[in-house]
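Commentary on secondary and tertiary structure
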Amino acid sequence: MTSGFWVIWTMRPFDERGEWGAKQKKEYILDKAGNKLYDPKKWQYKCKSIPAADWNEQKKAEEWRAAWAQLCK
């Protein structure tokens, strides 16, 4: 059995006041005229989520793991 530990961090940023910021924001999908597209099946406007920070990307986790490994040597 190998020993190890987990490092857990938040995926939400903090704002200037030290309060929780948004994890993601909503970007509406627009038609050619610039109007929001409505999805009648979901009863809402079509949108996509945009991350507020790049912390949730696999590449970031790999960078942090490598940096941590260097510190532990």
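Below: a short report on this structure. (Residues numbered from 1 in each chain as written. Predicted model: local features only at pLDDT ≥ 70, side-chain atom pairs only at ≥ 80, totals over all residues. Heavy atoms only, no water.)

**Looking at the pattern of salt bridges**
If you walk through the whole model with that rule in mind, you get 4 salt bridges. Close ionic contact of R17 with E19 constitutes a salt bridge, the shortest N to O distance being 3.3 Å. A residue is classified by how much of its surface remains accessible, and R17, at 64% relative accessible area, is exposed. Residue K60 is joined to E63 by a salt bridge in which the shortest nitrogen-to-oxygen separation is 3.4 Å. Linking K60 with E63, this pair stays in helix α1 (residues 58-72), spanning 3 residues, or about one helical turn. Of the residues examined, E63 reaches a relative accessible area of 39% and is grouped as partly exposed. Here the residues in one salt-bridge network are D15, R17 and E19, joined through shared partners. (Salt bridge = Lys/Arg side-chain N within 4 Å of Asp/Glu carboxyl O. Buried < 20%, exposed > 50% of the residue type's maximum accessible area, 1.4 Å probe, protein only. Helix = DSSP H or I, 4+ residues; strand = E, 2+ residues; numbered from the N terminus.)

**Re the packing of aromatic side chains**
Per the stated rule, a full pass over the model turns up 3 aromatic pairs. A centroid spacing of 6.3 Å and a plane angle of 90° characterise the contact between Y28 and Y45, whose relative ring orientation is edge-to-face. With Y28 in strand β1 (residues 24-28) and Y45 in strand β3 (residues 44-45), this residue pair connects regions lying 17 residues apart in the sequence. For Y28, a relative accessible area of 35% translates into the label partly exposed. (Phe/Tyr/Trp six-rings, centres within 6.5 Å; stacked < 30°, edge-to-face > 60°.)

**Some details on the environment of D31**
Checked against the element boundaries, D31 lands in the loop between β1 and β2 (38-39). For D31, a relative accessible area of 29% gives the class partly exposed. For D31, the side chain forms a polar contact with the main-chain nitrogen of A33, separated by 3.0 Å. Separated by 2.8 Å, the side chain of D31 and the backbone nitrogen of N35 make a polar contact. (Polar contact = N/O pair within 3.5 Å; in protein donor to acceptor, adjacent residues only side chain to side chain.)

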